[in-house]
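Chains, contacts and geometry: an overview
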Amino acid sequence: MEKKLLMNVGSNWSTRITVLSLSVLVLLVSCRTTRETPSVNQPDQPGAMEQPSVLEQQLHGEGDGKPKPEISLVSGPVTIDSLMEEMTLREKIGQLFVTHANGYFVNEDSDTYYELVQKIRKYQVGGIIFNSGNIYGQAVLHNKLQRASRLPLWITQDMEFGAAMRVRRSTYLTPAMGIAATQNPEYAYWAGKITAREAKALGVHQIFAPVLDVNNNPENPVINVRSFSGDPQTVATFGNAFIDGVHSEGVVATAKHFPGHGDTDVDSHLSLPVIPHSYSRLDTLELLPFKAAIDHGVSSIMSAHIAFPKIGNSNGTPGTLDEQVLDRILLDSLNFNGIVVTDGLEMRGISSRYSPGETVVKALHAGADLMLLSPDELTAINEIEQAVRRGSITEQRIDRSVRKLLEWKKEYGLFKSRTIDIDSLDKEIHTTEHQLIADEIARKSITVIKNEQDLLPLRPYKYPNVLAISIADDISGETGTYFAEQLKTYHPNVKFHVYDRRTNEEEKKEIMNDARNADLIILGSFIYVRSAQPMQLSSEQFDFLKQLAAGNKPSLLVAFGNPYIVRDLSQTDAQVMAWSARNAQVRNTVPALFGASPVTGKMPIDIPGYSVIGQGIEIPQTTIRKDQPGTAGFAKDSLRRIDHIMQEAVFDSTFPGGTVTVLKDGIIAYQKGYGYHTYDKLNPVNATDIYDLASLTKVVATTTAVMRLVDTGKLKLDDRVAEYIPEFNTGPKKNITIRHLLSHNSGLPPFRVYVDSLKERSQLIQAVRDEPLIYSPGSRYEYSDLGFILLAEIAEKVSGRRIDRFIRQEMFYTMGMNSTYFNPLAKGEWISNRIPPTEIDTVFRKETVRARVHDERAYFMDGVAGHAGLFSNGTDLAVYAQMLLNGGTYGGRRYLSDAVIRAFTAPQPANPERGLGFDRKSTGFSSAGTLTSDNTFGHTGFTGTSIWIDPARDLAIIILANRVHPHRSYGHNISEIRAAVADAVISSIIDNQ
């Protein structure tokens, strides 16, 4: 199954188009790769601008509070020389600063907005770095600030793992270390491209990524998963691919943190790290990715606030302010001629040692150009003016950096257009194509470094009771709840607890009690890289988890963030690296735990004593998962045609409601509920609701049970029925075989009422046994319920178990078909409440039939019969279909041989439109539609159910409905609905378009 699911990754990542999945190709065609003006921008119309508020006008007064006219924007054809000549010293100094803004709604009368506009208009700051925000909030504020500025603003943002790092509801991408775990630099390219595309739509000109630090220190408190690897060549390869992706969209990438922040154990946000390495060490390790990026054409580099006392004579000076680091190494030795950006100047590694203005003067002398996040821009500007007057720095040095920035603003078209088209944002950000690629990267990043006793993939039947514990370093009490929700979609019995800093003794006792009753303990580590916080377990957490491990229960660790946490939880039996705690990463991690997506990741770092670079246990996909249609090769939005078909069927009273499930390539690519349980329209249908399968019982239960018995040698197709049912040892019945019953050509009549006089199981079975033939066995086809009633009885005799127990124990339970039962009412309300009523029985039961079998004969046979009685939902039937498509295996276990499946689903010589038990696509009209392949097989059910399996396309189409509600006179056009849905599905496959 795995080979059909995802794209094959080529070893030569430069040959991009040929190795990408179809979703990537679609994006490639639509992407714009020019470095010209972002096409979403429109020329400003100064005459049409909103009038400035009194508050804004006051910013230009002399303290008299009188409104002043709007400043004149610099736009249109400009020359850098003329601009430089017009600018005052203060204006040029202002251009050096990139100030902070949050991308949320802000009222014009607020202090926040006032201070921003003051910096822009009065002090001419050169740019903005947006921190957190949302899409429309940031876009609106961006346009307002651009219109408030005489010179266009240079917009920057930190986007190491996609725009979602800062902007809510944009596309999240796996952190760098996870991308490197895929072993495919192509994913780094597309991560850069998607990030830049969404950045450009938001009006961002420069992103602060990628991180080119080599994370070779497990104690590093600030880089960690932000780095691609502990190997410098890997960092260089993936970093350059990311830069290529960013540049392809006309956005500036920024390599950081020069000359390398990987080998530190101090957070520069809090203090000044000191690296005691010599230049020769840096030159052979930390500098390698930066050299590669410079050679590759990166145009911006960010400095690190780290002291390198063995380089030159600058003992204790942060690299950002050190001429030995920036001027001599970066600009001179490495010949970098782009723009140098400082790391945030508010970080305590610098701000605790130098005043705002002194910091900037030193940074300029060292070789920096743009000053990021000064703790006090206004004070800094004033101090720099004084420094020029004192001769501490020349205006010419300031001019050099200002000219670089102005040239960038011109190159990227900001003097022609500086605002963005807000109406285009919903077409550019978090698109289906972006999400498909992001999901693929996330799945490919999952890495397993330990798997004792083959714990993974998890099989619910092996571990019926699971305890999941989220280990967190916060006090929210909610961290990891999404992880638990996702686990519950793959396992029916999961208890969940959060153990964080607010967990009390009573909660610990509850966790320990649940641990004693659990068959498996899953630990989700949500301790990850956050500035100014520890990233290992607290001593209290460590002691508690050590006590928990003493219970000797099988355990699994999933590291959502800091991978080095395995050092604290080394006793766990299986260990999975998931790289991030974001919901998108969690959603793509959990399927891998259960074998629903393949695991192929390899470690990009060493964890001393636990793993080495390149280590990773591969696990194939063996179960199905739910995913986006595009992942399974369906054209974007094309399956929405099904919505129209099903909704019209509801409106036309073909059925009150129903569900459609589409399985392709091991993926439930589409699953929806339509309408209501009944025509009173009070209970909407859920996509996973359970329906009476009616005659689908014949194949899903009875035929499958026979296949199992044939496969194990306990039954033969040409066995005479008389060997098992003595009543058949007479006359023409002597010649009837198991094959005849499966082929519906035994001579038995298609239907008998019986229940008008017989209402006990034994009586009904005896009546079927005694039923005379209506034609000679094998002479013609006559679809018969009676033959399948007998097949179930034969299966019971051979197996020693009634068919409901036999098929559940042998197959359904271990396959995880947890919504598939005979007599579901006996299983409790958690099942029965999900079952819509079938029919209002006015003849035999005089009641609404719900959660009890609709067929009257099966009802009086205690709800268990070979022709009817089984209930199930679309998800479980997809599991069943995938088992058949896999040639009889599912979840790593073989249930049927490929040979027996082929024998039962192949066309029969006497009737090519039938298999053994299974129906096949008809040559004329077929409810399987006109577009499915000729080898499509399946069955339909009287209540409105159907399953069609197309092995040529690794596809199954499952429709469940209660078309006999309120009475069986309804829904006669159900076959046309089935065919229309099938054709809609096939026509949506991209290969068929």
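Residues numbered from 1 in each chain as written. Predicted model: local features only at pLDDT ≥ 70, side-chain atom pairs only at ≥ 80, totals over all residues. Heavy atoms only, no water.

1. Here we look at the overall build of the protein
For clarity, the cut-off: Each helix is a run of H or I in the DSSP string that is no shorter than four residues. Each strand is a run of E no shorter than two, and both are numbered from the N terminus. Throughout, exposure labels follow a simple rule: accessible area from a 1.4 Å probe, protein chains only, divided by the maximum for the residue type, with under 20% read as buried, over 50% as exposed, and the rest as partly exposed. Whether two residues touch is decided by their heavy atoms; if any such pair falls within 4.5 Å, the residues are in contact. Residues scored as positive are Lys and Arg, those scored as negative are Asp and Glu, and His as well as the terminal groups of each chain are ignored. For charged residues, the charge sits on one atom: NZ in Lys, CZ in Arg, CG in Asp, CD in Glu.
Tallying secondary structure elements over the protein gives 34 helices and 30 strands in all. Here the C-alpha coordinates of the protein stretch approximately 120 × 65 × 55 Å along the principal axes. When burial is assessed residue by residue, the protein has 63% of its 993 residues classed as buried. In the protein, 75% of the contacts between residues at least 6 apart in sequence involve partners at least 24 apart. Distance between charge centres in the protein, computed from 103 positive and 114 negative side chains, equals 4 Å.

2. A few points about the sheet that holds strand E11 (residues 447-451)
Test applied: Whether two strands pair comes down to DSSP finding at least two bridges between them. Only C-alpha atoms enter the line fits that serve as axes; for helices the fit covers just the stretch in contact. Angles between N-to-C directions range over 0 to 180 degrees.
The mixed open sheet is built from 6 strands, whose spatial order is E11-E16-E15-E14-E12-E13. The open sheet has two edge strands with one neighbour each: E11 and strand E13 (494-499). On average, each strand axis in the sheet is inclined to that of its neighbour by 15 degrees, with strand direction left out of account. Bridge analysis of strand E12 (residues 466-472) against strand E14 (residues 520-526) gives 7 bridges, and the strand direction is parallel. Bridging across to E14, isoleucine 471 finds its partner in serine 525. Packed on one face of the sheet, helix H21 (residues 505-516) meets E12, E13 and E14 and runs near 150 degrees to E13.

3. A closer look at empty space enclosed by the protein
Counted only if it meets this: Of the two site types, the cavity is a set of points on a 1 Å grid over the protein atoms alone where a 1.4 Å probe fits but cannot get out, and the pocket is an open set with protein on both sides within 12 Å along at least five of seven lines, each lined by residues with an atom within 4 Å of a point. Grid points are joined across faces, edges and corners, and a volume is the space filled by probe spheres set on the points. Just so you know the grouping, Ala, Val, Leu, Ile, Met, Phe, Trp, Tyr, Cys and Pro go in nonpolar, Asp, Glu, Lys and Arg go in charged, and all remaining residues, Gly too, go in polar.
Under the definition given, this model contains 4 cavities of 30 Å³ or more. Its boundaries defined by the atoms lining it, the second largest cavity holds a volume of some 50 Å³. Taken together, Glu160, Ala176, Ile179, Pro210, Val211, Arg226, Phe228 and Phe242 make up the full set of residues lining the second largest cavity. Taken together, the residues of the lining of the second largest cavity break down into 6 nonpolar, no polar and 2 charged.

4. Here we look at the sheet that holds strand E28 (residues 937-941)
Pairing in this open sheet of 7 strands is mixed, and the strands run E17-E19-E18-E30-E29-E28-E27 from one edge to the other. Only two strands of the sheet have a single neighbouring strand rather than two, namely strand E17 (625-626) and strand E27 (919-920). Both E17 and strand E19 (residues 667-675) contribute to a ladder of 2 bridges, which runs parallel. For lysine 626, the partnering residue across the bridge sits in E19 and is isoleucine 668.

5. Details of the packing of aromatic side chains
Describing an aromatic ring pair means giving the distance of the ring centres and the angle of the ring planes. Operational definition: Any Phe, Tyr or Trp ring, taking Trp's six-membered ring, that has another such ring centre within 6.5 Å forms a pair; planes under 30 degrees apart are called stacked, those over 60 apart edge-to-face, and the others tilted.
Scanning the entire structure with this criterion turns up 14 aromatic pairs. On the numbers, 4.9 Å between centres and 20 degrees between planes, the contact of phenylalanine 526 with phenylalanine 560 is stacked. Of this pair, phenylalanine 526 sits in strand E14 while phenylalanine 560 is found in the loop between strand E15 (555-559) and strand E16 (574-577), placing the two residues 34 residues apart along the sequence. Comparing phenylalanine 526 with phenylalanine 560, the two get one shared label, buried. Judged by centre distance (6.0 Å) and plane angle (35 degrees), the rings of tyrosine 679 and tyrosine 970 are tilted. Of this pair, tyrosine 679 sits in the loop between E19 and strand E20 (691-692) while tyrosine 970 is found in the loop between strand E30 (955-961) and helix H34 (974-988), placing the two residues 291 residues apart along the sequence. Take tyrosine 679: its relative accessible area is 24%, and that puts it in the partly exposed class.

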